[in-house]
Structure formats: structure tokens, C-alpha cells
Amino acid sequence: MKYLSFLSIIFIKFNFVISEEIECQGAILRILNKTTNEKIYYTTPLSQTVDLNNSSLIVHRCVKIENKESNYEVALISHKLNVDDENNFFGWIFSSSQYINSPRNSIYDIKLEKCLEEDPIFLRNNDLI
């Protein structure tokens, strides 16, 4: 039993060592208007404010985590409603499973579409997606 638990600990640590973390310079966010079903894609560099009608959000960090089983993209964002201070959000959102942790907004559904390795200010349109 001790041998099995020792092997599982080594496997878990080895799996994390293989993972590669890539710091990105920007993100593509998909904003869905729940009332009109209109999808808008925002390409934003880090630390730039995206103003929506009832709120604003900032992507502070965007990271790609790559390993041999799967790839993840996560972004640290802050979301501030203009009228309510109770439902402000500061946390990580995931591109693969958006509803694990997401900001609450009555009008908009916010999803991380993709992290951008290069600064989006200097990208051409065909490099974005």
C-alpha cells in the first residue's frame, strides 16, 4: 500500500513537471448579450478596461497551461458592475468550462475564448484566430 501511494505521488509530481505554463499578452473574450443573443468578440491586451453598458472588466493575466493530456487557458479578470458593489468579481475564468467560475451579470455572459501569446495591439487581423 505504501508503495502504491508513493508511486501515485511521483506520478502526480511528474505530471506537473511536464506541464508548461505560457504567459500571454492578451485575450479574446466572447460577450453574449442575453437579451438579444448577439455575440461580440473583444480582443484586449492585459490591463485594458473593456466597457460594457452595465459593467466593466479587465483581464489582468492570461495563461496557457500545456501538458500531454490536455491544454488549458485561464484568465484572471475583474468584473465590476456599475450599479451594484456586492456582485463584483475578481477571479480566474477557464476557456474549457466557463460555468465553473464566472462573473454574474444580468445582461452579459462573459467567456474566455482564447489567450493570445503576442500583444494584440501589434497583431494583424488574420493572426487573431
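Residues numbered from 1 in each chain as written. Predicted model: local features only at pLDDT ≥ 70, side-chain atom pairs only at ≥ 80, totals over all residues. Heavy atoms only, no water.

This brings us to the nonpolar core. Counting 18 residues, the largest nonpolar core has Ile31, Leu57, Val59, Cys62, Ala75 and Leu112 as its most contacted members. At the level of elements, strand 2 (26-33), strand 5 (55-66), strand 6 (71-81), strand 7 (89-94) and strand 8 (108-116) are the ones that each hand at least two residues to this core. (Core = buried A, V, L, I, M, F, W, Y, C linked by side-chain atoms within 4.5 Å. Buried < 20%, exposed > 50% of the residue type's maximum accessible area, 1.4 Å probe, protein only. Helix = DSSP H or I, 4+ residues; strand = E, 2+ residues; numbered from the N terminus.)

Moving on: the environment of Gly26. Counting through the fold element by element, Gly26 comes out in strand 2. Expressed as a C-alpha distance, the spacing of Gly26 and Asp119, which sit 93 residues apart in the sequence, is 5.8 Å. Those residues in contact with Gly26 that lie beyond four places of it in its chain are Thr44, Pro45, Leu46, Cys62, Cys115, Leu116, Glu118 and Pro120. (Contact = heavy atoms within 4.5 Å.)

Attention shifts here to unusual backbone geometry. Positive phi, close to 60°, is recorded for Asn37, a residue that is not glycine. Looking at the element boundaries, Asn37 is found in the loop between strand 2 and strand 3 (39-45). Unusually for a residue other than glycine, Ser47 sits at a positive phi of about 70°. Take Ser47: it is sitting in the loop between strand 3 and strand 4 (49-51).

Before going further, it helps to examine the confidence of the model for the chain. Confidence along the chain averages 80 in pLDDT terms, with 77% of residues attaining 70 or more. No element of the chain has a lower mean pLDDT than helix 1 (residues 2-18), at 48, and none a higher one than strand 3, at 93. (pLDDT = per-residue confidence, 0-100.)

A few words now on the pairing of strand 2. The buried fraction of strand 2 is high, at 8 of 8 residues. Neither face of strand 2 is exposed, since Gly26, Ile28, Arg30 and Leu32 on one face and Ala27, Leu29, Ile31 and Asn33 on the opposite face are all buried. Pairing between strand 2 and strand 3: 7 bridges, direction antiparallel. Along strand 3, the bridge assignment pairs Ile28 with Thr43. In this structure, strand 2 lies alongside strand 8, joined through 8 bridges in antiparallel fashion. The partner of Gly26 across the bridge, within strand 8, is Leu116. (Pairing = 2+ DSSP bridges.)

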